[in-house]
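# Fold and contact review
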Amino acid sequence: MDFEFSVIVESIPALLAGAKLTWIITVLGISGGMVFGILAGLGRIAGTESLGEKPHGIFMPISSLIRYISSGYVETVRGTPIIVQAMFLYFAFPMLVKAVTDIERFRIEALTAAVITIILNAGAYIAEIVRGSVVSVNKGLLEAGMSLGISRFQLIVHVIGPIAFRRMIPPLGNQFIISLKDTSLFIVIGVGELTRQGQEIMASNFRALEIWLAVAVMYLIMTTVLAMSLRHLERRMKIF
Amino acid sequence: MSSIIELKKVCKSFGNTEVLHNVDLSIQEGEVVVIIGPSGSGKSTLLRCINCLEMITSGELIVDDIRIPAEQGRIRQIRLEVGMVFQQFNLFPHMTALENVAFGPRKARKMSKAEATDIARNLLDKVGLAEFENKLPGQLSGGQQQRVAIARALAVSPKVLLFDEPTSALDPEMIGEVLDVMKSIAKDSGMTMVVVTHEMGFAAQVGNRLIFMDDGRIVEEGKPGEVMKNPHSERLKDFLGHVKHH
Ligand SMILES: Nc1ncnc2c1ncn2[C@@H]1O[C@H](COP(=O)(O)OP(=O)(O)OP(=O)(O)O)[C@@H](O)[C@H]1O
Ligand SMILES: [Mg+2]
């Protein structure tokens with residue numbers, strides 16, 4: 001077996017470009033995923049006692065509707081493979097748009113499709129993390145706050161939110177790492193992320209060992225950075 | 001004398017089980033009412049209804065001149081006037097003792113941070129915890145936590161304080177310090193208090209009225225000393241026999 005270290009050195013610029021793209025997709029994806037996740041996670045428990053009192057009057061059907069929409073989103077995403085979601089967004093969705101509207105030249109950039117896929121996908125899993133953490137907060141705290149005459153909104157912001165957030169950090173770290181690795185699937189829609197860069201170099205020089213080793217190490221570095229920053233955040237918040 | 005809490009034929013059901021049956025009760029301003037009764041008799045449910053943590057199923061409930069059910073804004077108004085102390089303390093675990101106490105004045109009474117902190121310091125001092133203001137609940141003993149919880153309830157200056165078995169979760173040696181704080185509130189401030197407890201000594205010493213509940217009904221009531229000395233119903237005799245042996 002011959003191992004040519006120079007092969008790795010030569011491929012580094014291209015791999016770094018890929019890693020940069022992977023990182024960009026991940027950061028945009030999980031940032032958007034956090035927004036979707038928080039909305040859908042709270043949406044799934046809208047109007048339940050986990051967020052205070054049961055609603056009355058017209059808020060009852062509204063909160064039911066919010067729950068159904070959020071659950072529909074989460075279950076759809078969790079029930080389909082991410083690669084199918086990416087393909088759908090990139091290939092099928094523009095056709096769908098063409099079929100139902102008059103817009104002829106509708107297209108989604110591969111990179112955009114990748115980011116949206118991660119946003120939607122991570123968002124669904126983060127929603128479950130958010131829901132689980134919020135539901136796990138002792139209901140007595142909410143009652144204590146309400147019995148002081150404090151509004152539900154204030155209690156969600158100042159009591160439930162911080163406590164739930166602290167509990168979310170470990171599972172969020174997990175999800176962030178999964179999302180980062182999921183970006184390698186975008187090789188199928190032609191995004192020049194790290195895995196695809198590796199694949200292309202490999203196809204031209206057939207140095208599988210060196211290239212995939214280098215690719216793996218780069219992923220490992222990125223996931224380690226993610227894990228360490230969350231660990232840091234967790235330690236800073238571990239005061240109770 | 002005007003009554004600050006008035007219940008007329010109040011019923012409360014959870015699903016198909018009725019846990020309060022036609023409860024009539026009128027509590028005057030400044031009164032200290034002690035409620036006793038076996039487990040499951042509806043004592044907590046009664047307090048929770050008064051504080052609108054549960055909605056009554058039928059009957060009339062008037063708290064501080066506000067008729068319940070009422071819209072959300074008025075319910076918050078009631079809760080500002082009616083504080084509650086829980087068996088499990090329920091302190092906010094991520095806030096220091098001082099922040100716990102200052103939180104209510106700040107968010108419910110919309111005070112400035114300085115004003116709220118001032119009030120909180122005074123109250124912590126009053127419950128004997130001045131030097132613990134920067135401790136988190138997890139760093140305090142059960143008795144200390146409950147005293148912080150009492151200070152927190154007092155901080156929004158309510159007219160009524162409800163206590164739901166405030167000493168039941170405490171080790172025996174800490175019960176006294178909490179009861180002492182409650183006694184001083186009753187004596188000094190003339191606060192209206194409704195206390196669910198099995199501490200008969202407290203009932204006799206501080207209570208103006210003792211209520212015995214069983215199976216969702218008020219079975220007996222009267223001056224604590226008299227009720228304890230001459231229980232009429234078999235159930236109360238039985239119950240007092242059990243409590244004394246603890
Ligand atoms: N949220 C609820 N849902 C259904 N049933 C409930 C609920 N809360 C209380 N109950 C029932 O109502 C009855 C009265 O309960 P409650 O907690 O008021 O009794 P209690 O007198 O406070 O008892 P304890 O001394 O054990 O605290 C019990 O049978 C209880 O099971
Ligand atoms: Mg109870």
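Structure shown above.
A short tour of the structure in this document, coming up. Everything numeric here is computed off the predicted structure, so don't read it as measured data.

### Focus: the pairing of strand S9 (residues 209-214) of chain B
If a strand is regular, its side chains alternate between the two faces of the sheet. All names here are of chain B. Where burial is concerned, most of S9 is hidden: six out of the six residues are buried. Relative to S9, strand S3 (residues 32-36) runs parallel, the two being bridged by four bridges. Along S9, the bridge assignment pairs isoleucine 36 with phenylalanine 212. Relative to strand S10 (residues 217-222), S9 runs antiparallel, the two being bridged by five bridges.

### Considering the pattern of salt bridges
Two side chains bearing opposite charge may form a pair once their charged atoms approach each other closely. Counted under the stated rule, the structure contains 24 salt bridges over all chains. Put simply, arginine 196 of chain A and glutamate 200 of chain A hold a salt bridge, and the shortest N to O gap is 3.1 Å. Linking arginine 196 of chain A with glutamate 200 of chain A, this pair stays in helix H7 (residues 194-205), spanning four residues, or about one helical turn. Of the residues examined, arginine 196 of chain A reaches a relative accessible area of 25% and is grouped as partly exposed. Across the pair aspartate 215 of chain B and arginine 217 of chain B runs a salt bridge whose closest N-O atoms are separated by 3.8 Å.

### A look at the site of ligand 1
All names here are of chain B. In the region of ligand 1, the neighbouring residues are Phe14, Val19, Pro38, Ser39, Gly40, Ser41, Gly42, Lys43, Ser44, Thr45 and Glu165. Taking glycine 42, its main chain carries an N or O atom lying 3.0 Å from an oxygen atom of ligand 1. Contact distances for ligand 1 include 3.1 Å between an oxygen atom and a side-chain N or O atom of glutamate 165. The leading source of residues in the shell around ligand 1 is helix H1 (residues 43-50), at three residues. Residues of the shell around ligand 1, tallied by class, amount to three nonpolar, six polar and two charged.

### Overview of the interface of chain B and chain A
At the interface, 27 residues of chain B touch 21 residues of chain A. Roughly 2000 Å² is buried in total at the junction of chain B and chain A, and carbon and sulfur atoms are behind 64% of that figure. Among the residues of chain B in contact with chain A, Arg79, His94 and Lys107 of chain B are the three that bury the most area, contributing 26% of the side total. Taken together, chain B and chain A are joined by one salt bridge. Counting only elements with at least two residues in the side of chain B that touches chain A, the list comes to helix H2 (72-81), strand S6 (82-85), helix H3 (97-107) and helix H5 (142-154) of chain B. The element contributing the most residues to the side of chain B that touches chain A is H2 of chain B, with four residues. Here the side of chain B that touches chain A is built from residues that sort into 15 nonpolar, six polar and six charged.

Parameters at a glance
Residues numbered from 1 in each chain as written. Chains lettered and ligands numbered in written order. Predicted model: local features only at pLDDT ≥ 70, side-chain atom pairs only at ≥ 80, totals over all residues. Heavy atoms only, no water. Buried < 20%, exposed > 50% of the residue type's maximum accessible area, 1.4 Å probe, protein only. Helix = DSSP H or I, 4+ residues; strand = E, 2+ residues; numbered from the N terminus. Pairing = 2+ DSSP bridges. Salt bridge = Lys/Arg side-chain N within 4 Å of Asp/Glu carboxyl O. Near = heavy atom within 4 Å. Polar contact = N/O pair within 3.5 Å; in protein donor to acceptor, adjacent residues only side chain to side chain. Nonpolar A, V, L, I, M, F, W, Y, C, P; charged D, E, K, R; others polar. Contact = heavy atoms within 4.5 Å. Buried area = accessible area lost by both parts, 1.4 Å probe.

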